[in-house]
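Now for the letters of each chain:
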Amino acid sequence: MIGFTRRMLSITAAIFVALSCARAAAAETVFTCFINHTWYPVSSFTGIIPEEITRLTGVRLDVTIAKDQRQLNMMLASNALPDLIFTGSQFDALSDPAVCLDYDTLIERAGLDWDIAEDLRSNALIFSGDGKLYTIINYYTRTQDWADTRSVPMTASLMARQDILDAMGNPPLNTTDDLMDVYLRVRREYPDIIPLMFESTHRFNAFRAYFGLGLTEFTRQPDGRYLFFARDPRYKEMLAWLNRLYREGCIPPENFAASTRQESVPYKQGRAFSYSACTQNANLSLDNAIKQIDPSYHSVELPPLQDANYTMSSLGWSGTFIPLNNRDPETAITFIQWMFTSQAQRLTQWGREGVDYTLNDEQLPVYSAALMASLQDDSYNQMYNPWFHFGSSAVLESEGRCALLPFEDYADAYDQIRRACINKPWIIAAAPKTGDPEKRSYDRILAAVNEQETYILVSESVEAFEARWESYQDSLLLMDVEGLELHINEAIPELKSRYAAP
Amino acid sequence: MRTRTPRPPILKMTTQFMLLYGFLALLPALVFIGSYSAQVSNRQRQEIWYQEKLFLSQTAASLNQAIVSMGAVADTLTMNSALMDMLEGVYPTASDELMAYIRVIQPALTQSQAANPGLRGMYIYRFNETFLSDSDLLFATPMVSIFPYDPAWLLCSGEPCGMIVTPADPVRRLYGETLDTALYVSFTRVFDRSFSQQVGLIETQLDMDRALTELGIPQDRGALELRFEGRWYPIRITARGAHLDDPLPDSEAATIEKDRTLIIEPVGLTRMELAYAFDPSLGQSAVGATVSMALLLLLPTLLAYWFVYRLALRLSRFGQHIQQTDASSPTAYEKKQPDDELGDVVSAYNTLVLFHKELLDQVRSAERMKNAATYYAMSSQVNPHFMFNTLENIRMRIEVERYDDASRMLQTLARFLRYNISLRQDSSLEEELCHIERYLVIYQYRMHSRIEYSVNRPDDAPLNKVRCPFCMLQPLLENCLRHGIRDEKPLIITVSIEPSDDDWLIVIADNGSGMRPDEIESMNESLQAAAPTEQAAQAQVGLSNVNARIKYFYGSGYGLRLESNGDGGLTVRVLIGWKAADAV
């Protein structure tokens with residue numbers, strides 16, 4: 001009788017579990033999601049981490065990656081918006097009650113207990129015309145947040161082939177002249193090797209830091225005023241320096257036409273000496289790739305040059321917006337709240353605790369052998385897919401990525417970069433918003449930057465360079481860059497004081 | 001212990017009815033239903049086949065439309081002046097070419113991709129004179145070191161130019177590139193403006209998973225497959241969309257073509273074909289329908305069978321009752337009958353039986369009265385020679401002054417006669433035995449002891465309670481004495497009584513001259529066939545007389561039987577019952 005009862009209980013429990021699973025599967029919510037980052041390394045919400053997110057939240061994403069920077073504008077113009085938009089730009093256009101739903105109303109409707117940090121709230125409200133919160137920008141950090149870490153913010157960094165440097169006798173790399181000499185030597189001594197290539201997102205940022213320009217859109221001049229960076233003399237100096245490299249055959253023109261999937265290929269194929277990209281684990285995949293070709297190949301992140309200026313202005317990286325046509329806004333806001341939890345941040349960045357990583361004494365992740373192997377064979381993104389960190393923290397991500405690295409190879413460079421990194425959020429906060437008269441010229445000027453600087457950089461001669469530079473400067477004036485700078489210089493003091501306040 | 005319910009009898013009428021019903025009604029109905037179901041089933045299968053064919057042709061048309069739109073993208077690009085300038089090598093410097101690419105061509109490529117979500121990738125190859133080399137690749141693929149396909153595709157002359165690439169065998173155009181979806185890669189040749197030479201090639205990649213998903217193929221759809229250049233690619237439909245699997249091994253592909261009924265639809269001008277494995281068993285099964293209808297018909301059949309069986313069973317039992325009823329004493333059929341036609345028949349029968357019984361009783365009563373007179377006449381018969389001889393014998397003993405013997409003979413004769421003239425209807429077996437003992441004693445006196453006899457009674461047998469016809473045994477002894485005494489040999493007569501549960505057997509054996517076997521057989525036949533008629537009873541032959549009276553008394557199953565003794569004598573076996581039959 002007892003056996004029968006136990007069997008019946010087991011069967012009942014199994015049926016209950018099966019029904020629960022079926023109900024859970026049936027309750028799965030699928031949101032269409034537009035990711036406004038053309039460089040995104042994954043194109044689908046698949047892999048171990050997304051599956052775990054779905055298991056824990058019941059939410060699955062049908063992802064579309066932006067083809068170019070104008071696609072979101074086209075979508076906004078045609079009002080063909082998905083359920084969610086994850087973007088690092090267009091905050092002001094999306095912070096509009098005619099386009100998106102505000103967080104506070106949804107939090108109340110969903111009955112959530114979510115106390116949003118004040119600095120995250122105020123960063124987002126900078127872009128809001130009606131004072132309502134339409135997103136939370138993730139990855140916001142203050143300069144001091146990095147003081148006690150061994151990692152660095154996501155910023156520009158220059159990779160180079162250490163094996164070639166070794167072969168060249170490790171020439172000094174303290175100044176831009178030292179760097180020029182090295183590139184020219186590589187060009188001469190390794191004719192089959194491309195001396196310098198650029199990753200399309202960070203492009204010339206490493207050189208902007210090396211030339212003291214910094215990484216902000218507006219640069220502070222000796223008189224205390226701010227200029228649009230393309231009008232800064234240091235910018236011209238940098239472009240002239242790069243133009244010389246181009247004219248010397250150190251930079252291939254195809255580099256500027258390459259798609260994000262293609263731009264790192266020559267370096268990964270061992271056909272390039274140096275690659276301008278970013279900190280954290282960018283070099284890891286590059287180094288793994290060239291070692292597949294020849295184990296003696298070795299890619300390193302170079303320490304910054306002397307007096308490099310890593311001043312940046314960041315209010316965070318990206319935010320998630322919930323358009324008005326979202327099919328289930330309460331579930332969407334519940335999902336976003338969960339993405340900002342510590343559990344979600346660790347899952348989305350590090351994987352499953354106890355399976356993909358364990359924590360060491362310093363509460364830093366120690367990854368599993370399987371995960372480390374996936375990095376070696378370049379299947380990490382496809383297998384784990386740690387790219388849906390809608391609510392993640394920059395420090396947590398950076399620490400996690402550092403744990404992937406053979407850190408002794410990076411310690412010196414990262415230490416110098418970290419000490420050079422200064423975040424001045426008030427500069428970007430001062431940029432014109434939708435409704436400001438300077439907004440149109442600001443957008444036009446930004447949209448033209450990449451094309452213009454490429455055009456100047458690939459000048460066939462010094463004369464052509466000068467002519468194109470002057471032409472660019474004239475076009476900036478025509479686009480009312482001075483009005484833009486006036487707006488910035490008026491807005492910065494108030495914003496600076498706000499951020500400086502305790 | 002459980003008692004088994006006796007199996008119901010198989011009734012002829014029911015069987016006949018069922019055979020009649022089966023052949024005249026059920027079988028034709030089943031044949032008709034089977035034929036009709038087969039027609040309906042065939043029609044259903046045809047409809048399903050046409051539906052599947054329609055679905056497949058619509059699906060193929062939609063897929064073709066997606067592929068055609070890829071070609072349209074390529075055709076549109078060939079009308080881009082900047083692209084044609086670049087392919088024709090019009091730009092004087094690399095920077096001019098680059099800026100043309102960045103400002104005009106790249107946005108056109110991006111726009112094409114944004115407008116065509118199924119367009120997974122697009123590559124443009126520039127020809128330098130007649131062949132492709134590293135430096136001639138367009139900026140869209142600046143770092144590609146080799147053309148990743150068979151070089152024959154560069155000059156594909158036959159239309160359409162296309163191939164399927166699957167994750168199992170991806171195009172490794174870039175380092176470590178993997179595929180998460182199958183692609184349909186098609187090539188469009190680009191000629192210069194004067195159409196004098198080929199200046200480039202446009203490769204468009206259609207995301208097959210996306211294209212198939214947008215076809216909206218239902219998840220419950222059967223096995224759908226895509227055939228391309230003899231290879232079979234299964235299309236897997238899940239809740240998340242469609243997926244084109246890697247091609248099947250040749251062995252499995254052969255199985256598909258051999259074992260399945262396929263509906264094949266070409267996809268436009270491509271070399272693709274969509275194939276749907278049509279299940280011929282779809283639709284209503286004729287066998288199933290026939291079986292279902294047969295089961296439906298079985299219920300009324302069983303009801304009809306039950307009804308007929310019940311009727312036939314009643315008739316059968318009634319018939320059995322009539323068969324088992326003794327014609328001489330019919331009894332009423334007492335089983336309660338429903339109020340129907342058969343019940344009326346039974347009721348009429350019972351009335352008839354009642355009337356017949358009353359009539360029979362009247363006839364019997366009259367016969368009994370008549371038999372009683374005959375009976376008395378038969379039982380009182382005493383041979384007058386016996387009387388005269390016995391009296392003469394007594395007179396002679398008196399003359400020779402043997403008064404004691406004469407006195408005992410006279411006393412015995414007196415007792416004998418007293419019993420004989422008592423004229424009773426019946427007597428007891430004990431009295432009958434005493435009577436024949438007196439008869440034999442008288443004979444012994446007369447015959448000077450030339451006769452020996454013995455009467456053997458079983459111990460404790462209640463012979464005085466066994467009723468029997470009056471004067472039943474005396475004629476049999478008389479018969480022995482008349483025909484048994486011969487020569488000087490003494491006649492030995494043995495009378496013995498053998499009781500049994502229901503009957504008594506009286507055996508009278510002598511050692512006299514006996515009878516021939518044929519005579520015995522003839523006599524037995526005569527005794528067996530003899531009806532207890534008046535004529536037989538009045539027969540003066542002693543054996544027949546006794547036999548008739550016994551049958552009257554006990555019934556037709558009782559009477560005499562003769563047997564030959566081994567020593568030449570005769571044995572008469574008299575079977576009587578315990579009590580008198582109703583006939584007396």
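Residues numbered from 1 in each chain as written. Chains lettered and ligands numbered in written order. Predicted model: local features only at pLDDT ≥ 70, side-chain atom pairs only at ≥ 80, totals over all residues. Heavy atoms only, no water.

1. Here we look at the overall build of chain A
Of regular secondary structure, chain A possesses 22 helices and 14 strands. In chain A, buried positions account for 55% of the 502 residues. A separation threshold of at least 6 residues defines the contact pool for chain A, and within that pool the share at least 24 residues apart is 76%. Summed over all atoms, the accessible surface of chain A reaches about 21100 Å², with 53% contributed by carbon and sulfur. (Helix = DSSP H or I, 4+ residues; strand = E, 2+ residues; numbered from the N terminus. Buried < 20%, exposed > 50% of the residue type's maximum accessible area, 1.4 Å probe, protein only. Contact = heavy atoms within 4.5 Å. Areas by Shrake-Rupley, 256 points an atom, 1.4 Å probe, with all protein chains shown as cover.)

2. Considering the packing of helix H2 (residues 48-57) of chain A against helix H13 (residues 329-339) of chain A
Think of two packed helices as two axes; the pair is described by the angle between the axes and how far apart they sit. Residues and elements named next belong to chain A. It is at 11 Å that the axes of H2 and H13 come closest, and there the two elements cross at 120°. By the criterion of interaxial angle, the relationship of H2 to H13 is oblique. Between H2 and H13 lies a crossing whose hand is right-handed. On H13, the residues that touch Ile-53, Leu-56 and Thr-57 of H2 are Phe-335, Trp-338 and Met-339. Looking at the contact of H2 with H13 residue by residue, the classes come out as five nonpolar, one polar and no charged. (Axes fitted to C-alpha atoms, helices over the stretch in contact; angles between N-to-C directions. Parallel < 35°, antiparallel > 145°, perpendicular 65-115°, else oblique. Left-handed = near helix turned anticlockwise from the far one by under 90°. Nonpolar A, V, L, I, M, F, W, Y, C, P; charged D, E, K, R; others polar.)

3. Remarks on the packing of helix H14 (residues 342-350) of chain A against helix H17 (residues 394-402) of chain A
Residue and element names in this part refer to chain A. Where H14 contacts H17, the two axes come as close as 10 Å, and the packing angle between them is 35°. Note that H14 runs across H17; the crossing there is right-handed. Residues Gln-345, Arg-346, Gln-349 and Trp-350 of H14 pack against Leu-396, Glu-397 and Gly-400 of H17. Among the residues making up the contact of H14 with H17, the classes are represented as two nonpolar, three polar and two charged.

4. Here we look at the interface of chain A and chain B
Taken together, the contact between chain A and chain B spans 34 residues of the former and 28 residues of the latter. Interface area for chain A against chain B, summed over the two sides, is near 2800 Å², with a carbon-plus-sulfur share of 57%. Of all residues in chain A, A:Lys67, A:Ala257 and A:Gln262 give up the largest surface area on contact with chain B, accounting jointly for 20% of the area buried on that side. Where chain A touches chain B, the interface holds one salt bridge. A salt bridge links A:Glu451 to B:Arg103; the shortest N-O distance between them is 2.5 Å. Between chain A and chain B we count three residue pairs in polar contact (both at pLDDT 80 or more) in total. When contributions to the side of chain A that touches chain B are tallied by element, the ones reaching two or more residues are helix H11 (265-268), helix H12 (282-293) and helix H20 (439-457) of chain A. When the residues that make up the side of chain A that touches chain B are grouped by side-chain class, the tally is eleven nonpolar, ten polar and 13 charged. (Buried area = accessible area lost by both parts, 1.4 Å probe. Salt bridge = Lys/Arg side-chain N within 4 Å of Asp/Glu carboxyl O. Polar contact = N/O pair within 3.5 Å; in protein donor to acceptor, adjacent residues only side chain to side chain.)

5. Some words on the pattern of salt bridges
With the rule as written, the count across this model stands at 42 salt bridges over all chains. For A:Asp104, the salt bridge is made with A:Arg121, and the minimal N-O distance between the two is 3.0 Å. Linking A:Asp104 in helix H5 (residues 103-110) with A:Arg121 in helix H6 (residues 118-125), this pair joins segments that are 17 residues apart in sequence. With a relative accessible area of 31%, A:Asp104 lands in the partly exposed category. Salt bridges sharing common partners tie together B:Arg397, B:Arg402, B:Asp405 and B:Arg408.

6. So, H2(A)
Side chains that are three or four residues apart share a direction in an α-helix, a result of its 3.6 residues per turn. Residue and element names in this part refer to chain A. When H2 is considered as a whole, its buried residues turn out to be Ile-49, Pro-50, Glu-52, Ile-53 and Thr-54. Its buried side turned inward, H2 meets strand E2 (59-65), H13 and H14. Of the residues one or two after H2, Gly-58 is the one with positive phi, at around 75°.

7. Some thoughts on the nonpolar core
The tendency in soluble globular proteins is for nonpolar side chains to be buried as a group. The biggest cluster of nonpolar side chains holds 196 residues, and the ones touching the most others in it are A:Leu61, A:Phe207, A:Leu242, B:Leu63 and B:Leu226. Ranked by residues supplied to this core, first place goes to helix H1 (residues 12-77) of chain B with ten residues. Within the second largest apolar cluster, 48 residues are counted, among which are B:Met409, B:Phe416, B:Val572 and B:Ile576. (Core = buried A, V, L, I, M, F, W, Y, C linked by side-chain atoms within 4.5 Å.)

8. Quick notes on the sheet that holds strand E5 (residues 194-198) of chain A
Residue and element names in this part refer to chain A. Strands sit in the order E5-E8-E4-E9 across an open sheet of four strands; the sheet is mixed. Strands with a single pairing partner mark the edges of an open sheet, and in this sheet they are E5 and strand E9 (299-301). When the angles between neighbouring strand axes are averaged without regard to direction, this sheet yields 20°. Across three bridges, strand E4 (residues 156-161) lies against E9 in antiparallel orientation. Looking at the pairing, Met-159 lines up with Glu-301 of E9. Along the sheet, H12 contacts E4, strand E8 (272-278) and E9; its crossing angle with E9, the most-contacted strand, is approximately 165°. (Pairing = 2+ DSSP bridges.)

9. A word on the confidence of the model for chain A
Looking at chain A as a whole, the pLDDT averages 91, with 94% of positions reaching at least 70. The low-confidence segment residues 17-25 of chain A, where pLDDT is below 50, has zero contacts with residues more than four positions distant or belonging to other chains. (pLDDT = per-residue confidence, 0-100.)

10. A short note on the sheet that holds strand E4 (residues 198-207) of chain B
Residue and element names in this part refer to chain B. Pairing within the open sheet is antiparallel, and its four strands lie in the order E1-E4-E3-E2. Single-partner strands in this sheet number two, and they are strand E1 (119-126) and strand E2 (162-165). Direction aside, neighbouring strands of the sheet carry axes that sit 20° apart on average. Here strand E3 (residues 183-191) pairs with E4 via nine bridges, running antiparallel. Each bridged residue has a counterpart across the sheet, and for Leu-183 the counterpart in E4 is Asp-207.

11. Notes on the pairing of E3(B)
Residues in a regular strand project their side chains so that they alternate between the two faces of the sheet. Residues and elements named next belong to chain B. Of all the nine residues making up E3, seven are buried; the element is thus mostly covered by neighbouring parts of the structure. Relative to E3, E2 runs antiparallel, the two sharing four bridges. Each residue of the ladder has a partner; that of Val-165, found in E3, is Leu-183. Counting the residues in the hairpin turn of E3 and E4 gives six residues, including Phe-195, whose phi is positive at 55°.

12. Re the packing of aromatic side chains
Summed over all chains, the structure comprises 52 aromatic pairs over all chains. Seen from their ring centres, A:Tyr139 and A:Trp317 are 5.3 Å apart, and the 80° between their planes marks the pair as edge-to-face. With a gap of 178 residues between them, A:Tyr139 in the loop between H6 and E4 and A:Trp317 in the loop between strand E10 (310-312) and strand E11 (319-321) connect regions that are remote in the sequence. Assessed through its relative accessible area of 11%, A:Tyr139 is described here as buried. Ring centres of A:Tyr380 and A:Tyr384 lie 5.8 Å apart, and the angle between their planes is 40°; this geometry places the pair in the tilted category. Across this residue pair, the class does not change: A:Tyr380 and A:Tyr384 are buried. An aromatic cluster of at least three residues, connected via ring pairs, comprises A:Trp39, A:Tyr40, A:Phe45, A:Phe86, A:Tyr139, A:Trp317, A:Phe335, A:Trp387, A:Phe388 and A:Phe390. Across from the ring centre of A:Phe127, 5.5 Å away, lies the NZ or CZ of A:Lys433, which sits over that ring. Its end group placed over the ring of A:Tyr455, B:Arg103 keeps NZ or CZ at 4.8 Å from the ring centre. (Phe/Tyr/Trp six-rings, centres within 6.5 Å; stacked < 30°, edge-to-face > 60°. Lys NZ or Arg CZ within 6 Å of the ring centre and 35° of its normal.)

13. Let's talk about a nonpolar patch on the surface
Residue and element names in this part refer to chain B. A contiguous nonpolar surface patch, about 640 Å² in accessible area, is contributed by Leu-19, Leu-20, Phe-23, Leu-24, Leu-27 and Val-31. Tracing the backbone through its elements, the reader meets Leu-24 in helix H1. Of the residues examined, Leu-24 reaches a relative accessible area of 62% and is grouped as exposed. (Patch = residues over 30% accessible without salt bridge, like charges linked within 9 Å, V, L, I, M, F, W, Y side chains within 5 Å.)

14. Some remarks on the side chain of B:Thr412
Residues and elements named next belong to chain B. You can see Thr-412 is positioned in helix H9 (residues 403-420). The exposure class assigned to Thr-412 is buried, which follows from its relative accessible area of 15%. Excluding residues that lie within four positions of it along the chain, Thr-412 makes contacts with Arg-438, Val-441 and Ile-442.

15. Examining the confidence of the model for chain B
Residue and element names in this part refer to chain B. Residues with a pLDDT of 70 or more make up 85% of chain B, whose mean pLDDT is 79. In the model, residues 129-145 has pLDDT below 50 throughout and makes 50 contacts with residues more than four positions away in sequence or in other chains. Per-residue pLDDT stays below 50 along residues 532-540; that stretch engages in 20 contacts with residues further than four places along the chain or on separate chains. For this predicted complex, the interface score ipTM comes out at 0.77, while the overall pTM is 0.63.

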